[in-house]
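# Understanding the architecture of this molecule
Residue-level listing of the chains:
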Amino acid sequence: MKKLKLRPFLIVFFALMVIQFVIVFIDVQFTKSKSDLTSITNPIIAIFSLPISGIHRSLPFYVHESLYIRAVYWVVNLFIQSAVVYLVILGLQRVRRKLKKLK
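Our next topic: helix H3 (residues 67-102). Across its 36 residues, H3 extends 52 Å between first and last C-alpha, which sits within 8% of the 52 Å expected from 1.5 Å per residue. Three or more residues of H3 are buried, namely Trp74, Asn77, Leu78, Gln81, Ser82 and Tyr86. Tucked into the core, H3 has its buried residues touching helix H1 (6-32) and helix H2 (38-48).

Written out as structure tokens, the structure reads:
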């Protein structure tokens, strides 16, 4: 079995972190200004809240806990999402290598 490398996983993790932070920040700004654009950002946030929102729908971003607890929920959610994305990337690379061997 091949060893999983940490660097590509961390790249995926931090890329998702930046993307999610920016979208949540934009959503907060839209909400403050009572903009109709929250109808776009809210579904995106709902997607980013998966899989931890399965525990409770307010997780990880809108839970009524301290900032520290919200950050912990967010990091756990990011870790799960990053693992899924990383494993999908590895699977696609494996399929691509097998297809090259067949040619």
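One can describe the packing of H1 onto H2 by two numbers: an axis separation of 9 Å at closest approach and a directional angle of 145 degrees. Viewed along their axes, H1 and H2 form a crossing whose handedness is left-handed. Here H1 contributes Ile19, Gln20, Ile23, Val24, Ile26, Asp27, Phe30 and Thr31 to the contact with H2, which in turn contributes Thr38, Thr41, Asn42, Ile44, Ile45 and Phe48. Broken down by class, the residue content of the contact of H1 with H2 amounts to eight nonpolar, five polar and one charged.

Definitions and limits used
- Residues numbered from 1 in each chain as written.
- Predicted model: local features only at pLDDT ≥ 70, side-chain atom pairs only at ≥ 80, totals over all residues.
- Heavy atoms only, no water.
- Helix = DSSP H or I, 4+ residues; strand = E, 2+ residues; numbered from the N terminus.
- Expected span 1.5 Å × (residues − 1).
- Buried < 20%, exposed > 50% of the residue type's maximum accessible area, 1.4 Å probe, protein only.
- Contact = heavy atoms within 4.5 Å.
- Axes fitted to C-alpha atoms, helices over the stretch in contact; angles between N-to-C directions.
- Left-handed = near helix turned anticlockwise from the far one by under 90°.
- Nonpolar A, V, L, I, M, F, W, Y, C, P; charged D, E, K, R; others polar.

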